[in-house]
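Examining the three-dimensional arrangement
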Amino acid sequence: MNKKAIAIKCLKAGFIGLVLLILYAPILVLAVYSFNSTDTIGTWGEFSFTHYAKLFGDSTILGMIGNTLLLAFLAALLSTVLGTAGALGMYYCKKRTKTAINVASQIPIINAEIVTALSLTLLLCVVIGLPRSYFTLLVGHMVICTPFVVLSVMPKLKQMDNSLYEAALDLGASPAKALFKVVLPQIIPGIISGFMLAITLSLDDYIVTSYTKPATFNTISTYVYNATMRGNAHTAEVLSSFWALTTIIFIIILAVVLTANLTGMKKKEKKK
């Protein structure tokens, strides 16, 4: 390998490293300061698990985290069922109908989230007359999650072998049995990807949540925002406990991604 090729390779590696640094530096800073005894970033006291003790010792914060996780799981589960059914319907319907439904399903993805939030509030709370409740919040999260499930499932439907479904029908299986025994097993990776993406979107959402949630209900995003807006001495103490939460979430996600990649690499090696 000549010097020019080595230089280009080093530049590529350096550029990728710089991008990764910019992306993950804020998270790494929070992770480091989550083991700091002070409540201010930039001021180092001593190594301590104080913020973790605050996180697990505050029943209000733990309840809010539980609310967020339960909401994300329910919204992702219902969105996955609805999105998978919608993707199957789109795949097997006529071309013009498929195109029309596909365009309609992508509107919530392209549309500004604030517009979606205001539209949901107007429809559910003004036109229909529903009070802001857990139901309106769940519907709001399903609206933003379901289109992404459809996008995850559709490529797997296009990749599957249609002859297997037709063979199952020829062998006497009912359409429902052929669907559950032949089609769904082939698109399981897309369904799982859609479910995980839906959970991520629900956990991350603030705008739709703030417009559709009841006054007494908080998620991580709304809780942090409200705590920041108060701007009192208690705010720094509350927010510092979220440094610990950020670190825990990052470690869990990193472990899941590494496990999935290593499992995939082992499967590829076995196939070879």
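Every chain begins its residue count from 1, and numbering advances along the sequence as written. Totals for whole chains, interfaces and linings use all residues, but because this is a predicted model, local features are given only for residues with pLDDT of at least 70 and pairs of side-chain atoms are given and counted only at 80 or more. Water and hydrogen atoms were dropped before computing side-chain values, which therefore reflect all heavy atoms in the structure.

**Comments concerning the side chain of Thr 121**
Inspection of the secondary structure puts Thr 121 in helix H5 (residues 113–127). Counting of polar contacts relies on pairs of N or O atoms within 3.5 Å, with two restrictions inside protein: one atom must be capable of donating a hydrogen and the other of accepting it, and residues adjacent in sequence are counted only when both atoms are side-chain atoms. Separated by 3.4 Å, the side chain of Thr 121 and the backbone oxygen of Tyr 211 make a polar contact. Once residues lying within four places of it in the same chain are set aside, the contact partners of Thr 121 are Val 126, Arg 132, Tyr 211 and Thr 212. Under the scheme used here, helices are H or I runs from DSSP no shorter than 4 residues and strands are E runs no shorter than 2 residues, and both carry numbers assigned from the N terminus. Here, two residues are considered to be in contact whenever any of their heavy atoms come within 4.5 Å of each other.

**Side note on the environment of Asp 58**
Positionally, Asp 58 belongs in the loop between helix H2 (50–57) and helix H3 (59–92). Judged by its relative accessible area of 23%, Asp 58 falls in the partly exposed class. In this structure, the C-alpha to C-alpha distance between Asp 58 and Val 238, residues 180 residues apart in sequence, is 9.4 Å. The rule is simple: take the accessible area with a 1.4 Å probe, protein chains only, and divide by the maximum for that residue type; under 20% is buried, over 50% is exposed, in between is partly exposed.

**Notes on the side chain of Thr 116**
Looking at the element boundaries, Thr 116 is found in helix H5. What Thr 116 contacts, discounting residues up to four positions off in sequence, is Asn 111, Val 143 and Ile 144.

**Quick word on the packing of H2 against H3**
Helix-helix packing is characterised by the crossing angle of the two axes and by the distance between the axes. Under this scheme, a helix contributes an axis fitted over its contacting stretch, all axes are lines through C-alpha atoms, and angles between N-to-C directions fall in the 0 to 180 degree range. Where H2 meets H3, the axes come as close as 5 Å, and the angle between the chain directions of the two elements is 70 degrees. Of the possible angle classes, the one that applies to H2 and H3 is roughly perpendicular. Residues Leu 55, Phe 56 and Gly 57 of H2 touch H3, and the partners they reach there are Ser 59, Ile 61, Leu 62 and Ile 65. An angle below 35 degrees is read as roughly parallel, one above 145 as roughly antiparallel, one from 65 to 115 as roughly perpendicular, and any other as oblique.

**Considerations on the packing of aromatic side chains**
Stacked, tilted and edge-to-face are the three classes applied to pairs of Phe, Tyr and Trp rings, where Trp contributes its six-membered ring and a pair requires centres within 6.5 Å; stacked means planes under 30 degrees apart, edge-to-face means over 60, and tilted covers the rest. Throughout the structure, instances matching the rule amount to 11 aromatic pairs. Between Tyr 24 and Phe 250, the aromatic rings sit 6.2 Å apart at their centres with planes inclined by 55 degrees, giving tilted as the arrangement. Of this pair, Tyr 24 sits in helix H1 (residues 3–33) while Phe 250 sits in helix H11 (residues 233–271), and the two are 226 residues apart along the sequence. By relative accessible area, Tyr 24 is classed as partly exposed at 38%. Seen in terms of ring centroids, Tyr 223 and Phe 242 are 5.8 Å apart; in terms of plane orientation they differ by 40 degrees. Their pairing is tilted. Here Tyr 223 is found in helix H10 (residues 220–230), whereas its partner Phe 242 is found in helix H11, with 19 residues between them in sequence. Given a relative accessible area of 13%, Tyr 223 falls into the buried group. Chaining the aromatic ring pairs together yields one cluster made of Phe 35, Phe 47, Phe 49 and Tyr 52.

So, to be careful, I would describe these as geometric facts and stop short of saying anything about function.
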